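# Structural characterization, general
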Amino acid sequence: KICFISNKINTKDITAPVLFTDLFLRTSLDIFPLEILEFKTRNVLIYGVDILKDLKIEKPFIRIEIEQKLKSKLIEINNNYIRTKGNTTELNYMYRKLWTSLIPVFKCILFLLDTDFDSDQNKMIDIISEKININKVSITNLFSIYKKQLKLDKDNKKIIFQDIFILLNKLSDFIDKLDKEESI
């Protein structure tokens, strides 16, 4: 039955459902807290019992994974900038990928701050900038690159790289200083 459903889903550009056991989720809360939090907030139960509803995700696990992701992204963009020798085509691609990887991180940061978030990415940028006191321009530039409204060129690529590098550093520093004891 799952294969039949999968064939129908694939023809309609719908994300395939994820199937989990209760035991798998309960034993993965420390390893995949961001992913499970995303499942909890975007869950549509198709059949059976909602095994996500009663899961408690420890805030320290979320904080650690967010910090790890941000620091990994710092290393990645630094290495890619050097590897590509600042090639604007490759950097545009890298920044678009970076944006999509930061969306769940931003949502989790807002969740850790007990702040409601909207699916509107412009609102999310405003809230993140305000709550963390970071330069909104650097986030907006990254989002504009993602939407292909801003293209890197020889004049702006270095400044944008520096802004994004500083942004990721400030985000990871902020996360590192968050209270490490709370549960959700």
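Attention here is on the structure that accompanies the text.

What counts as what
- Residues numbered from 1 in each chain as written.
- Predicted model: local features only at pLDDT ≥ 70, side-chain atom pairs only at ≥ 80, totals over all residues.
- Heavy atoms only, no water.
- Axes fitted to C-alpha atoms, helices over the stretch in contact; angles between N-to-C directions.
- Helix = DSSP H or I, 4+ residues; strand = E, 2+ residues; numbered from the N terminus.
- Left-handed = near helix turned anticlockwise from the far one by under 90°.
- Contact = heavy atoms within 4.5 Å.
- Nonpolar A, V, L, I, M, F, W, Y, C, P; charged D, E, K, R; others polar.
- Salt bridge = Lys/Arg side-chain N within 4 Å of Asp/Glu carboxyl O.
- Buried < 20%, exposed > 50% of the residue type's maximum accessible area, 1.4 Å probe, protein only.
- Phe/Tyr/Trp six-rings, centres within 6.5 Å; stacked < 30°, edge-to-face > 60°.

### Regarding the packing of helix α5 (residues 88-112) against helix α7 (residues 136-146)
For the pair α5 and α7, interaxial distance at closest approach is 8 Å and the crossing angle is 120 degrees. At the point where α5 passes α7, the crossing takes the left-handed sense. Each of Asn92, Tyr95, Arg96, Leu98, Trp99, Thr100, Leu102 and Phe106 in α5 lies in contact with α7, whose residues at this interface are Ile139, Leu142, Phe143, Ile145 and Tyr146. Broken down by class, the residue content of the contact of α5 with α7 amounts to 10 nonpolar, 2 polar and 1 charged.

### A word on the pattern of salt bridges
Per the stated rule, a full pass over the model turns up 9 salt bridges. For Lys107, the salt bridge goes to Glu38, with nearest N and O atoms at 3.7 Å. Linking Lys107 in helix α5 with Glu38 in helix α3 (residues 33-42), this pair joins segments that are 69 residues apart in sequence. Lys107 sits in the buried class, given a relative accessible area of 16%. Two residues, Glu67 and Arg63, come together in a salt bridge whose shortest N-O distance is 2.7 Å. Placement of the pair is Glu67 and Arg63 together in helix α4 (residues 59-83), with a separation of 4 residues, close to one helical turn. Each of the salt bridges in this network shares a partner with another, and the network as a whole consists of Arg63, Glu67 and Lys71.

### Thoughts on the packing of aromatic side chains
Counted according to the given criterion, the structure contains 5 aromatic pairs. Relative to Phe165, the ring of Phe161 lies with its centre 5.9 Å away and its plane at 35 degrees, an arrangement referred to as tilted. Of this pair, Phe161 and Phe165 are both found in helix α8 (residues 157-177), 4 residues apart, which corresponds to roughly one turn of the helix. You can call Phe161 buried: its relative accessible area is 11%. For Phe165, a relative accessible area of 27% gives the class partly exposed.

### What to know about unusual backbone geometry
Most peptide bonds are trans, and most residues other than glycine sit at a negative phi. Residue Lys85 is not a glycine yet carries a positive backbone phi of 55 degrees. Tracing the backbone through its elements, the reader meets Lys85 in the loop between α4 and α5. In this structure, Asp114 is a non-glycine residue whose phi angle is positive, near 55 degrees. Summarising the element assignment, Asp114 is placed in the loop between α5 and α6 (121-132). Given the relative accessible area of 61%, Asp114 is considered exposed.

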